[in-house]
Amino acid sequence: SMASPALLMRVVASAYSVAEKAATIVRNVMAAGDLGIVEKTGANDLQTKADRLVQMSICASLARKFPKVTIIGEEDLPADEVNEELIEDGHSEEILKKTCPAQYTGIKEEELVIWVDPLDGTKEYTEGLLDHVTVLIGIAYGGKAIAGVINQPYYNYEAGADAVLGRTIWGVLGMGAFGFQLTEAPAGKHIIVTTRSHSSTLVNDCISALNPDSVIRVGGAGNKIIQLIEGKASAYVFASPGCKKWDTCAPEAILHAVGGKITDIHGNSFQYNKEVKHMNSAGVLATLRNYDYYASRIPNTVKQSLVP
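Because the structure is a prediction, the values reported are computed rather than measured. (Residues numbered from 1 in each chain as written. Predicted model: local features only at pLDDT ≥ 70, side-chain atom pairs only at ≥ 80, totals over all residues. Heavy atoms only, no water.)

Within the fold, His132 resides in the loop between helix H4 (122–126) and strand S5 (134–141). On the accessibility criterion, His132 (8% relative accessible area) is buried. Leave out the neighbours within four places in its chain, and His132 touches Asp120, Glu124, Arg196, Val218, Gly219, Gly220 and Asn223. (Helix = DSSP H or I, 4+ residues; strand = E, 2+ residues; numbered from the N terminus. Buried < 20%, exposed > 50% of the residue type's maximum accessible area, 1.4 Å probe, protein only. Contact = heavy atoms within 4.5 Å.)

Following the criterion strictly, the structure yields 6 aromatic pairs and no others. What links up through ring pairs into an aromatic cluster is the set Trp115, Trp246 and Tyr272. Sitting over the face of the ring of Tyr155, Arg167 holds its NZ or CZ atom 3.8 Å from the ring centroid. It is Lys261 that lies over the ring of Tyr291; its NZ or CZ is 4.4 Å from the centre. (Phe/Tyr/Trp six-rings, centres within 6.5 Å; stacked < 30°, edge-to-face > 60°. Lys NZ or Arg CZ within 6 Å of the ring centre and 35° of its normal.)

So, on to the layout of surface pockets. Looking at the largest pocket, its volume works out to about 660 Å³. Forming the boundary of the largest pocket are 33 residues, of which Asn44, Glu74, His198, Gly242 and Asp247 lie nearest the centre. The class makeup of the residues in the lining of the largest pocket is 9 nonpolar, 11 polar and 13 charged. Split by domain, the residues of the lining of the largest pocket number at least three in each of domain 1 (7–178) and domain 2 (191–305). (1 Å grid on protein atoms, 1.4 Å probe; cavity = no way out; pocket = protein on both sides within 12 Å on 5 of 7 lines; lining within 4 Å. Points joined across faces, edges and corners; volume = space filled by probe spheres on them. Nonpolar A, V, L, I, M, F, W, Y, C, P; charged D, E, K, R; others polar. Domains from an automatic or database assignment.)

Turning to the sheet that holds strand S8 (residues 176–178), a few remarks are in order. In spatial order, the strands read S3-S4-S5-S6-S7-S8; together these 6 strands make up an open sheet with mixed pairing. With one partner strand each, in any of the chains shown, strand S3 (70–73) and S8 form the two edges of the open sheet. Taken pair by pair, the neighbouring strands of this sheet meet at an average axis angle of 15°, ignoring direction. As defined by bridge partners, S3 adjoins strand S4 (residues 112–120) across 4 bridges and the pair is classed as parallel. Bridge pairing links Ile71 to Ile114 in S4. Of the strands in this sheet, S3, S4, S5, strand S6 (144–152), strand S7 (167–172) and S8 touch helix H7 (residues 245–257), which is tilted by about 100° from S6. (Pairing = 2+ DSSP bridges. Axes fitted to C-alpha atoms, helices over the stretch in contact; angles between N-to-C directions.)

Ranked by internal contacts, the top residues of the largest apolar core, which has 103 residues, are Leu8, Ile58, Trp115, Tyr125, Ile137 and Tyr236. Considering each element in turn, this core owes the most residues, 14 residues, to helix H1 (residues 7–32). Shared between two domains, this core holds at least three residues of each, these being domain 1 (7–178) and domain 2 (191–305). Residues within four places of Ile58 in sequence aside, it is in contact with Val18, Ala22, Val116, Pro118, Val135 and Ile137. (Core = buried A, V, L, I, M, F, W, Y, C linked by side-chain atoms within 4.5 Å.)

Entries for the protein in the domain assignment read domain 1 (7–178) and domain 2 (191–305). The C-alpha-based centres of domain 1 and domain 2 are spaced at 21 Å. Counting residues at the interface gives 41 residues for domain 1, matched by 30 residues for domain 2. For the pair domain 1 and domain 2, the two sides together bury roughly 2600 Å², of which 65% comes from carbon and sulfur. In this assembly, domain 1 and domain 2 are joined by 3 salt bridges. We note a salt bridge from Arg196 to Glu127, for which the minimum N-O separation is 2.5 Å. Summed over the shared surface of domain 1 and domain 2, the number is 9 residue pairs in polar contact (both at pLDDT 80 or more). Listing elements by their share of the side of domain 1 that touches domain 2, those giving two or more residues are S3, S4, H4, S5, S6, S7 and S8. The leading source of residues in the side of domain 1 that touches domain 2 is S6, at 8 residues. Along the lines of polarity and charge, the residues of the side of domain 1 that touches domain 2 split into 19 nonpolar, 12 polar and 10 charged. (Buried area = accessible area lost by both parts, 1.4 Å probe. Salt bridge = Lys/Arg side-chain N within 4 Å of Asp/Glu carboxyl O. Polar contact = N/O pair within 3.5 Å; in protein donor to acceptor, adjacent residues only side chain to side chain.)

Shown next, in the form of structure tokens:
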């Protein structure tokens, strides 16, 4: 008889469907017109009704199926009863059919930590920059990001009324990443993608020191990693605190699954065990290729300003 799929593949297959449900919620909130915006720590740190409903949906749906997994979401929400309409019970059959990488076949539920950003790029969402928005579900084991799902609810939204809206990208270390066309940035070009709404002197000084051909400023960590894996940018550089573990876990797993690299500005790996602090206080440096080229050019003044 067929062995039942390994836990990791069941979690990823469920996260895929849960992310698709999340995208529907995001689109429905926008279509209804009342975003229910709340400022958390200021005008650049917003929470909407979509952030709240999506986090409830993702966390409750995954917790119901995998009760011993630790799930950490961005938003502080009261532990209310979750409306059944928000529960997604499905899974991707296609993912379940794939063979789990051998090093992950013995994982138990209580060894996994899932990091959830229900709506990455909230500020952009409120401003109608819809292609910046992603839903992030990252799966960590032994403190390391090993699998991830990134949903873009508004992928294709400018392609006309008949276009299929949204897509889901997923990946597992040792297996690869799916749902997009892996493309390398133009050879010999140094195109840097960075923050749109969290700029600072340090952020800009660091980028200038890298002498880029061009700089792309967009919202969302998920969106920036997509720029790397689709060849639109050669490096993601953010010399500032502000990024959190739920921003980087899913994108890291997908980037690493296709041979890229993400670290802080000092070159340290991110840790994703459940006790870890949430802030990536020493910034972000990520590339699909040529990591060392960029890492070697980060000025010491920048490194000294950012304490891990």
